[in-house]
Amino acid sequence: MSRVGVVAIRRGIRVSIYLPIAELSVNMIILLAMGGAVGFLSGMFGVGGGFLITPLLIFYNIPPAVAVATGANQVIASSFSGALAHFKRGTVDIKLGMVLLAGGVAGSSVGVYVFALLRALGQLDLIVSLLYVVFLGTIGALMMWESIGALRKAGKGGSTTLKKPGQHNWVHRLPLKVRFRASKLFVSVIPVLGLGAFIGFLASIMGVGGGFIMVPAMIYLLKVPTNVVIGTSLFQIVFVAAFTTIVHASTNQTVDVVLAFLLMLGGVAGAQYGAKVGQRLRGEQLRALLAGLVLIVAIRLAVDLFVRPADVYSLAPGVL
Amino acid sequence: MKRCARKHALAVIGMLLAVAVGGPSAFAQDQGEPPRETINIGLSTEVVAITPDFSGADLTIFGSLENPDPQILRQGRYDIIVVLEGPLRPVVVRRKDRIFGLWINVDSETFSSVPVSYSVAMTRAPQDITDAKSYKQLSLGIDNIHLRPAGENADPSKTEEFGLALRSLKQRSGLYNERVGSLTFIGSNLFRASLALPANVPVGTHRARAFLFRNGSFIDEASDQLMIVKSGTEASIYRAANTYGFFYGVFAVILAVITGWIGRIVFKRD
């Protein structure tokens, strides 16, 4: 049904491009716009945008396996761009980033293996959607709750800055402590490696950079100062996403470089304008907007899981 | 036996006509024995290259009917079916069921060698050519493609169910298609079959087979091979991704880094 539509578009405007790995023809303008819109949002909110790109690609009929691996590839471009800016400002804790990265590489390796396994079992699409629904739903709801509270407070004339995290929690009682100078932090490497591994695992299964989990986890769990959080997170995302892309390309052959490039082009352009708009909006308004967006994507994915599919049968290449 | 006798009576006429149409082979035949009809097909090219913007096309296959019985030819009682069968691949068919409200793949069947594509051209509607039994014996037609389950002891009813689903999904995607009346005689013993190549036609070796029927019974078969390759940049990218996965991945990363870097230079002059 959708195939007929694509053919009609192709004959009409001649903007279609054939994606070699996804193995379908798509409208170039739509992909550039998609990349641009997500880039705009990511610039505005200071997030990588991988968590929006992958579901959008799935909505656009790109096979989930390709959407995930290509999402990881696309994330590199926007994160690299952002990380450069933070390097210039000196807001990257390289040592902390390296430890996170070591965990990330391990987590990503496991993730790619699980990815291949789920794909062979025919459960990849389901798990990817479920993970998105759970993570986006939870984070969207938390952010919404927090930002609405902040907006109310702002209305009453109170302080609008994020609550200053407490000085100590269980994380700080773990052994193997290491000093991270740039972050003025003296903390055990266990939670840092663990966090990195967890994000790396999600990166390879969901095709995200993981910034949307990494940033709050660094602030609330590790108590990293807010000024180095985003730079450090971007720094390690570049490497984890690069690692994930290469592993996906070598084991699953699901990275579509044409698709990724179109998204990147739109993305880097959109991000610049998004950042300008973002500077004019207030923090809690931004967070409320992003939360709303995240919730919409989560709900849309959840609905697809519950609605009877057009055909209960599906075909996939078999493995003998 | 009756049919045989009639053939004898018409043999002379057949030979006379052969001068005009069939070529010398008719003369080589023994006088008492009527020449047996044979079928030939020829593909004008062995390799078909399709471009990335390929949106489906018609493939024409020409063929000839040697030593036709002119009477039967005139009555239109010769029927030909031409099939273009794509490369064989293992395929897994999955079925979703509702579990706690979620639609989840719960059951599947793997078939060991399924033609990726299957295009048929025939002179008339299949039921007017021959009977179901003959189709089954020849494994001819979308409903008769032999689907062998990969497992050792497969449940026949399950194989049936998933086999049906496979045929129906393939037909809906256009990969399996049948065209009635798209095979026509041009002149007395040449024919032309027009097959539909869908936009998503698979690359690889395709086998063209022609089946000749006379008065509803199968008498001859001919086959030829055709390579379908994809040309252009996209095809090279696909090959690179599948052959040199690691280097392809490294390339993808470098491309992303350069794009991110250039994007920064172009847009942010801070």
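Criteria and cut-off values
- Residues numbered from 1 in each chain as written.
- Chains lettered and ligands numbered in written order.
- Predicted model: local features only at pLDDT ≥ 70, side-chain atom pairs only at ≥ 80, totals over all residues.
- Heavy atoms only, no water.
- Salt bridge = Lys/Arg side-chain N within 4 Å of Asp/Glu carboxyl O.
- Buried < 20%, exposed > 50% of the residue type's maximum accessible area, 1.4 Å probe, protein only.
- Helix = DSSP H or I, 4+ residues; strand = E, 2+ residues; numbered from the N terminus.
- Pairing = 2+ DSSP bridges.
- Phe/Tyr/Trp six-rings, centres within 6.5 Å; stacked < 30°, edge-to-face > 60°.
- Lys NZ or Arg CZ within 6 Å of the ring centre and 35° of its normal.
- Core = buried A, V, L, I, M, F, W, Y, C linked by side-chain atoms within 4.5 Å.
- Contact = heavy atoms within 4.5 Å.
- Buried area = accessible area lost by both parts, 1.4 Å probe.
- Polar contact = N/O pair within 3.5 Å; in protein donor to acceptor, adjacent residues only side chain to side chain.
- Nonpolar A, V, L, I, M, F, W, Y, C, P; charged D, E, K, R; others polar.
- Patch = residues over 30% accessible without salt bridge, like charges linked within 9 Å, V, L, I, M, F, W, Y side chains within 5 Å.
- Areas by Shrake-Rupley, 256 points an atom, 1.4 Å probe, with all protein chains shown as cover.
- pLDDT = per-residue confidence, 0-100.
- Axes fitted to C-alpha atoms, helices over the stretch in contact; angles between N-to-C directions.
- Parallel < 35°, antiparallel > 145°, perpendicular 65-115°, else oblique.
- Left-handed = near helix turned anticlockwise from the far one by under 90°.

A. Focus on the pattern of salt bridges. All names here are of chain B. All told, the structure shown has twelve salt bridges over all chains when counted by the stated rule. One salt bridge in this structure joins R95 and D97, with 3.1 Å as the shortest N-O distance. Using a relative accessible area of 17% as the deciding quantity, one classes R95 as buried. A network of salt bridges, in which partner residues are shared, links R95, D97, D107, K158 and E161.

B. The arrangement of the pairing of strand 2 (residues 47-50) of chain B in detail. Residue and element names in this part refer to chain B. Burial along strand 2 is one-sided: V48 and I50 are buried, while V47 and A49, pointing the other way, are not. Here four bridges tie strand 2 to strand 12 (residues 217-230), and the two strands are oriented parallel to one another. Paired with A49 across the bridge in strand 12 is V229.

C. Expanded view of the packing of aromatic side chains. Within the structure shown, the criterion is met by nine aromatic pairs over all chains. With a centroid separation of 5.9 Å and 80° between ring planes, the pair formed by F87(A) and F235(A) is classed as edge-to-face. Residue F87(A) is found in helix 4 (residues 64-89), and its partner F235(A) is found in helix 9 (residues 226-251); the two are separated by 148 residues along the sequence. Relative accessible area serves as the criterion here: at 6%, F235(A) is assigned to the buried category. Here Y313(A) and F162(B) contribute two aromatic rings whose centre-to-centre distance is 5.8 Å and whose plane-to-plane angle is 90°, an arrangement assigned as edge-to-face. Residue Y313(A) is found in strand 5 (residues 313-317), and its partner F162(B) is found in helix 6 (residues 156-172); the two belong to separate chains. By the burial criterion, Y313(A) is buried, and F162(B) matches it. Members of the aromatic cluster, each reached through a chain of ring pairs, are F87(A), F235(A) and F239(A). The ring centre of F59(A) lies 4.2 Å from the NZ or CZ of R300(A), which sits over that ring.

D. How the structure looks around the nonpolar core. Among the nonpolar cores identified, the biggest contains 75 residues, and L19(A), L31(A), F51(A), L57(A), I62(A) and M218(A) are the most heavily contacted of them. Ignoring any residue separated from it by four or fewer positions in sequence, one finds L19(A) in contact with L24(A), V26(A), L31(A), I62(A), D256(A), V258(A) and L259(A). Counting 28 residues, the second-largest nonpolar core is a separate cluster that includes A121(B), L183(B), A208(B) and I219(B).

E. Representation of the interface of chain B and chain A within the structure. On the side of chain A, 55 residues touch chain B, which itself brings 54 residues to the contact. In total, chain B and chain A occlude about 4800 Å² of area from one another, counting both sides; carbon and sulfur atoms represent 66% of this. Scanning the region where chain B abuts chain A turns up one salt bridge. D311(A) is paired through a salt bridge with R172(B); the nearest N and O atoms lie 2.7 Å apart. Seen at the junction of chain B and chain A, the total is 15 residue pairs in polar contact (both at pLDDT 80 or more). For the side of chain B that touches chain A, the secondary structure elements donating two or more residues are strand 5 (88-99), strand 6 (102-115), helix 6, helix 7 (233-243) and helix 8 (245-267) of chain B. With 17 residues, the single largest contributor to the side of chain B that touches chain A is helix 8 of chain B. A breakdown of the residues in the side of chain B that touches chain A according to their chemical character gives 29 nonpolar, twelve polar and 13 charged. Relative to strand 5 of chain B, strand 5 of chain A runs antiparallel, the two sharing five bridges.

F. Main features of a nonpolar patch on the surface. On the surface, Y273(A), I254(B), I258(B), W261(B), I262(B), I265(B), V266(B) and F267(B) cluster together into a nonpolar patch covering about 740 Å² of accessible area. Tallying contributions element by element places helix 8 of chain B first for the nonpolar patch, with seven residues. With respect to the helices and strands, I254(B) occurs in helix 8. The exposure class of I254(B) is partly exposed, given its relative accessible area of 45%.

G. Region of interest: the pairing of strand 3 (residues 57-66) of chain B. Residues and elements named next belong to chain B. Here strand 1 (residues 38-42) runs beside strand 3; their pairing, made up of five bridges, is antiparallel. The residue of strand 3 that forms the bridge with I39 is L65. Strand direction decides the pairing type here: strand 3 and strand 10 (residues 190-197), joined by eight bridges, are antiparallel. Within the sheet, the bridge partner assigned to A57 lies in strand 10 and is L197.

H. Expanded view of the environment of I142(B). All names here are of chain B. As for its position among the elements, I142 is in the loop between helix 5 (132-138) and helix 6. Under the relative-accessibility criterion, I142 is labelled buried at 1%. Through-space distance from the C-alpha of I142 to that of E178 is 7.7 Å; in sequence the pair is 36 residues apart. Dropping the residues within four chain positions of it, I142 is found in contact with Y118, R167, Q171, Y176, N177 and E178.

I. Quick peek at the confidence of the model for chain A. Residue and element names in this part refer to chain A. Here chain A averages 82 in pLDDT, while 89% of its residues score no lower than 70. When pLDDT is averaged over each element of chain A, helix 5 (residues 94-121) comes out on top at 91 and helix 1 (residues 2-13) at the bottom at 40. Contacts of residues 1-13 to residues separated by more than four positions or lying in other chains number eleven contacts, the stretch itself having pLDDT below 50.

J. Up close: the packing of helix 2 (residues 28-45) of chain A against helix 3 (residues 50-59) of chain A. All names here are of chain A. For the pair helix 2 and helix 3, the least separation of the axes is 10 Å and the interaxial angle reads 155°. The angle between helix 2 and helix 3 places the two elements in the roughly antiparallel class. Two packed elements cross with a definite hand, and for helix 2 against helix 3 that hand is right-handed. For the pair helix 2 and helix 3, contact is made by L31, M34, G35, V38 and L41 and by L52, I53, L56 and L57, respectively.

K. Molecular detail of the confidence of the model for chain B. Residue and element names in this part refer to chain B. Of all residues in chain B, 86% have pLDDT values of 70 or greater, and the mean over the chain is 82. Looking across chain B, the model is least confident in helix 1 (residues 2-20), with a mean pLDDT of 36, and most confident in strand 7 (residues 118-122), with 94. Residue range residues 1-30 is modelled with pLDDT below 50. Its contacts to residues more than four positions away, or to other chains, number 25 contacts.

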